Amino acid sequence: MITLSQIQKRYMKPINRSFKMQIEKYISVPEVQDYIEKAMYYALEKEDYRKLGQIGGHNGKYQYLYWLCCIYIHPLTIAQHIVTEASKIK
């Protein structure tokens, strides 16, 4: 099972506490794990995005799943972290 701790460690950016609390309620559901795994392998298809929009939106069955799979789990999240850290170097 993929956990939020594993996801945060890989993408190097903390997840908002309120998002985290909602996601932790359902992260162990097999359907959710399937979407997270697909997202982590960057294998989401057009139909997956549509379905995630329905079930994982703000008012969906799995709140913030769309955000987690389609926005947070993205190669640019890592790049954003690196740029932020690099900008702190004087």
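Residues numbered from 1 in each chain as written. Predicted model: local features only at pLDDT ≥ 70, side-chain atom pairs only at ≥ 80, totals over all residues. Heavy atoms only, no water.

## Some remarks on the overall build of the protein chain
If you tally the helices and strands in the protein chain, you get six helices and zero strands. Scanning the protein chain from its N terminus toward the C terminus, one meets helices and strands in the order α-α-α-α-α-α. Its C-alpha atoms give the protein chain a radius of gyration of 13 Å, within 12% of the compact-globule value 12 Å for 90 residues. Projecting the C-alpha coordinates of the protein chain onto the three principal axes gives extents of approximately 45 × 25 × 25 Å. Residues counted as buried form 34% of the 90 residues belonging to the protein chain. If you take every contact in the protein chain between residues at least 6 apart in sequence, the share linking residues at least 24 apart comes to 61%. In the protein chain, the 13 positive side-chain charges and the 8 negative ones have mean positions that sit 9 Å from each other. (Helix = DSSP H or I, 4+ residues; strand = E, 2+ residues; numbered from the N terminus. Rg over C-alpha atoms; globule rule 2.2 N^0.38 Å. Buried < 20%, exposed > 50% of the residue type's maximum accessible area, 1.4 Å probe, protein only. Contact = heavy atoms within 4.5 Å. Lys, Arg positive; Asp, Glu negative; His and termini not counted. Charge placed at Lys NZ, Arg CZ, Asp CG, Glu CD.)

## Remarks on the pattern of salt bridges
For side chains of opposite charge, pairing can occur when their charged atoms come near one another. In total, this model carries three salt bridges according to the counting rule given. For the salt bridge of lysine 38 with aspartate 48, the shortest nitrogen-to-oxygen distance reads 2.8 Å. Highlighted residues: lysine 38 in helix H3 (residues 30-40) and aspartate 48 in helix H4 (residues 46-55), separated in sequence by 10 residues. Exposure remark for lysine 38: the relative accessible area of 30% places this residue in the partly exposed category. Lysine 88 is the partner of glutamate 85 in a salt bridge, and the nearest nitrogen-oxygen pair spans 3.2 Å. Residue classification places glutamate 85 among the partly exposed positions, given a relative accessible area of 36%. (Salt bridge = Lys/Arg side-chain N within 4 Å of Asp/Glu carboxyl O.)

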